[in-house]
Amino acid sequence: MQYEVIDHLFRHHYGKMVSILTRIFGLAHLETIEDAVQDTFIQAARKWRTTIPENPEAWLTTASKNRVLDIFRQIKSSKNRETLVSSSAEAMHMTELFLDTEIEDSQLRMIFTACHPQLQQVDQIAFSLKTVAGFSSKEIATALLQKEDTIKKRLTRARKTIIEKQLSFSIPTGSELQNRLDITHKVLYLIFNEGFHSNKQEILIRKELCGEAIRLTRLILKKNQIRNADTYALFSLMCFHAARIDSKTNANNEIIDLKHQDRSLWYFPLIELGNSCMFKAMDTKKISSYHYEALIVSEHLKAKSFEDTNWNTILNWYLKYTNDFPSPIIFLNQAIVYLQLNDLVSCHKILKNHTERDFNQRTYLFHGVWAEYYIKKGDIIKATSYLNKALDQVSNTSEKQYLLNKKKEILNPN
């Protein structure tokens with residue numbers, strides 16, 4: 001229980017604390033700040049072994065303020081100390097920086113700093129996941145499907161670039177804002193996806209990450225001068241997916257596919273919020289990938305049952321999606337729609353145009369669709385063969401069990 005509380009608080013407060021302290025001391029001292037925040041949580045883990053304080057969030061806030069003094073001691077030059085205090089807290093008392101509105105402002109500054117064009121794009125994403133969402137290097141490596149050593153190098157390179165280029169801890173304006181907002185959307189999308197369909201071996205859904213992505217996207221939506229139609233579409237997509245999280249697995253953490261999900265478990269206030277945001281998102285001349293995905297998911301949410309799903313409308317959106325934003329995984333989803341429409345010829349055409357290499361660590365999904373294709377064809381031998389390939393490559397235990405159950409079903413239909 002203690003670990004769960006600290007893990008929850010870490011995920012929700014790491015980014016806040018790093019952002020506030022960075023606003024106080026500056027980006028040049030980011031690594032020291034991150035160490036200080038990490039130490040705060042280590043201290044909490046030790047002090048809370050027997051008793052968790054009544055208000056753990058307040059405890060962490062106070063502890064983070066106290067760490068300010070520790071950081072001062074680590075910055076050697078007294079002249080630098082005076083400069084830091086006068087420039088960071090100019091016309092503002094340090095305590096005021098911990099007000100909710102200022103916390104949000106600091107986090108927005110951190111988000112846009114992490115997405116600065118002076119940083120390489122691959123570094124932007126890794127750096128954002130680290131400083132804004134509190135991901136560990138290992139978690140970032142998993143989310144980006146890369147080696148942990150590679151991520152550590154990217155984080156180091158990002159910090160070095162920030163210092164060398166003397167990047168400002170601010171929210172951009174004008175044309176620069178749009179460029180940075182596009183990267184920010186990608187990062188938040190990635191954070192949410194890692195929560196909604198985790199790459200971890202033992203965990204399929206990580207609600208904390210979904211919640212964090214929604215919270216950060218909401219920060220942007222609150223700012224009239226920052227948000228745009230893509231922000232609304234992304235937020236709508238997150239709401240639609242989050243609304244049905246509780247129906248994705250059962251009490252034994254087994255996957256329940258869309259056809260068999262209990263739709264009464266879908267959280268309709270989130271669906272309504274998503275619909276409201278989607279209405280605002282459509283006030284644009286250019287449709288983004290987030291628009292397409294949200295429109296597709298909304299069709300599933302409209303259907304009272306799986307049998308009532310309007311697959312032709314969904315196919316129409318996928319055809320437009322793949323035309324504007326072609327990618328192997330989107331084509332694979334389109335192939336699944338063809339299966340639902342019993343258009344095996346079109347499904348086969350898509351599958352034949354792709355190979356394992358197109359899907360990296362999601363190759364098992366590719367083989368899974370091949371298996372579904374052959375099930376439709378009535379070829380149990382080939383279907384089983386592709387299920388075995390999928391089983392060899394899937395890492396998540398829940399997904400592995402789902403595939404095993406599918407294999408048992410086709411081998412023992414009675």
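Remember, it's a predicted structure, so these values are computed and weren't measured experimentally. Numbers given for residues are sequential positions, taken from 1 along each chain in its written order. Totals for whole chains, interfaces and linings use every residue, but because this is a predicted model, local features are given only for residues with pLDDT of at least 70 and side-chain atom pairs only at 80 or more, for both listing and counting. Excluded from the side-chain calculation are hydrogens and water; included are all heavy atoms of the structure.

Attention now moves to the packing of aromatic side chains. Aromatic rings in a pair are described by how distant their centres are and how their planes are angled relative to each other. Note on aromatic contacts: the rings of Phe and Tyr and the six-membered ring of Trp form a pair at centre separations within 6.5 Å, being stacked when their planes are under 30 degrees apart, edge-to-face when over 60 apart, and tilted otherwise. All chains considered together, the criterion is met by 15 aromatic pairs. Here W48 and W59 contribute two aromatic rings whose centre-to-centre distance is 5.2 Å and whose plane-to-plane angle is 70°, an arrangement assigned as edge-to-face. Of the two residues, W48 is situated in the loop between α2 (30–47) and α3 (56–74) and W59 in helix α3; the sequence distance between them amounts to 11 residues. Of the residues examined, W48 reaches a relative accessible area of 3% and is grouped as buried. When accessible area is computed with a 1.4 Å probe and restricted to protein chains, residues below 20% of their type maximum are described as buried, those above 50% as exposed, and intermediate ones as partly exposed. Overall, the relative accessible area of 22% leaves W59 in the partly exposed class. Put simply, the rings of F359, F366, W370, Y373, Y374 and Y386 touch in pairs and so form one group of aromatic residues. Charges are assigned to positions over rings by a cutoff of 6 Å between ring centre and Lys NZ or Arg CZ, combined with an angular limit of 35 degrees from the ring normal. In this structure, K248 packs its charged tip against the face of F196, placed 3.7 Å from the ring centre. Directly above the aromatic system of Y386 lies the positively charged group of K389, at a separation of 4.7 Å from the ring centroid. Only DSSP runs of H or I with at least four residues qualify as helices, and only runs of E with at least two residues qualify as strands; both kinds are numbered from the N terminus onward.

Further remarks concern the packing of helix α11 (residues 229–242) against helix α12 (residues 268–281). A fitted line through C-alpha atoms represents every axis, and for helices the fit uses only the stretch in contact; the resulting angles, taken between N-to-C directions, go from 0 to 180 degrees. Orientation of α11 relative to α12, taken along the N-to-C sense of each, is 160°, at an axis distance of 8 Å. With respect to their mutual orientation, α11 and α12 come out roughly antiparallel. Helix-helix and strand crossings are classified by hand; for α11 and α12 the assignment is left-handed. Residue-level contacts link A229, Y232, A233, F235, S236, C239, F240 and A242 of α11 to L270, I271, L273, G274, N275, C277, M278, K280 and A281 of α12. A class-by-class count of the residues in the contact of α11 with α12 yields 13 nonpolar, 3 polar and 1 charged. For classification, angles of less than 35 degrees are called roughly parallel, those exceeding 145 degrees roughly antiparallel, those between 65 and 115 degrees roughly perpendicular, and all remaining angles oblique. Crossing handedness: left-handed means the near helix sits turned counterclockwise from the far one by under a right angle, and right-handed means the same turn made clockwise. Should any heavy atoms of two residues lie within 4.5 Å, those residues are counted as being in contact. Residues are grouped as follows: Ala, Val, Leu, Ile, Met, Phe, Trp, Tyr, Cys and Pro are nonpolar; Asp, Glu, Lys and Arg are charged; every other residue, Gly included, is polar.

Our focus in this paragraph is helix α16 (residues 344–352). Looking only at α16, the buried set comprises L344, C347, I350 and L351. Projection of α16 onto a plane perpendicular to its axis shows the buried side chains occupying an angular sector of 125°, all on one side. Facing away from the buried side of α16, by more than 90 degrees, are the exposed residues V345, K349 and K352. Residues of α16 that are buried sit in contact with α15 (328–340) and α17 (363–377). This arc is taken over the directions from the axis of the helix to the C-beta atoms.

Looking now at the pattern of salt bridges. Two side chains that carry opposite charge are able to pair once their charged atoms sit near each other. By convention in these notes, a salt bridge is any Lys or Arg side-chain nitrogen within 4 Å of a carboxyl oxygen on Asp or Glu. According to the stated counting rule, one finds 11 salt bridges in the structure shown. Between K302 and E299 there is a salt bridge, with its nearest N and O atoms 3.1 Å apart. Here E299 and K302 lie together in helix α13 (residues 289–302), a separation of 3 residues that amounts to about one turn. For K302, a relative accessible area of 58% translates into the label exposed. Measuring nitrogen to oxygen at the nearest pair gives 3.1 Å for the salt bridge that ties E372 to K406.

Each residue carries a pLDDT score, the predictor's own confidence in it, on a scale running from 0 to 100. Taken residue by residue, the protein gives an average pLDDT of 87. The fraction at 70 or more is 90%. Note on residues 85–92: pLDDT under 50 across the span, and 8 contacts to partners over four residues away in sequence or across chains.

Tracing the backbone through its elements, the reader meets K147 in the loop between α7 (137–144) and α8 (148–164). Each C-alpha atom, one on K147 and one on S137, is 9.3 Å from the other, the two residues being 10 residues apart in sequence.

Moving on, we get to the side chain of R23. Positionally, R23 belongs in helix α1 (residues 2–25). With a relative accessible area of 13%, R23 lands in the buried category. By the criterion applied in these results, polar contacts are pairs of N or O atoms within 3.5 Å in which, for protein atoms, one can donate a hydrogen and the other can accept it, and in which residues neighboring in sequence qualify only through two side-chain atoms. Polar contacts involving the side chain of R23 include one to the side chain of S106, which spans 3.3 Å.

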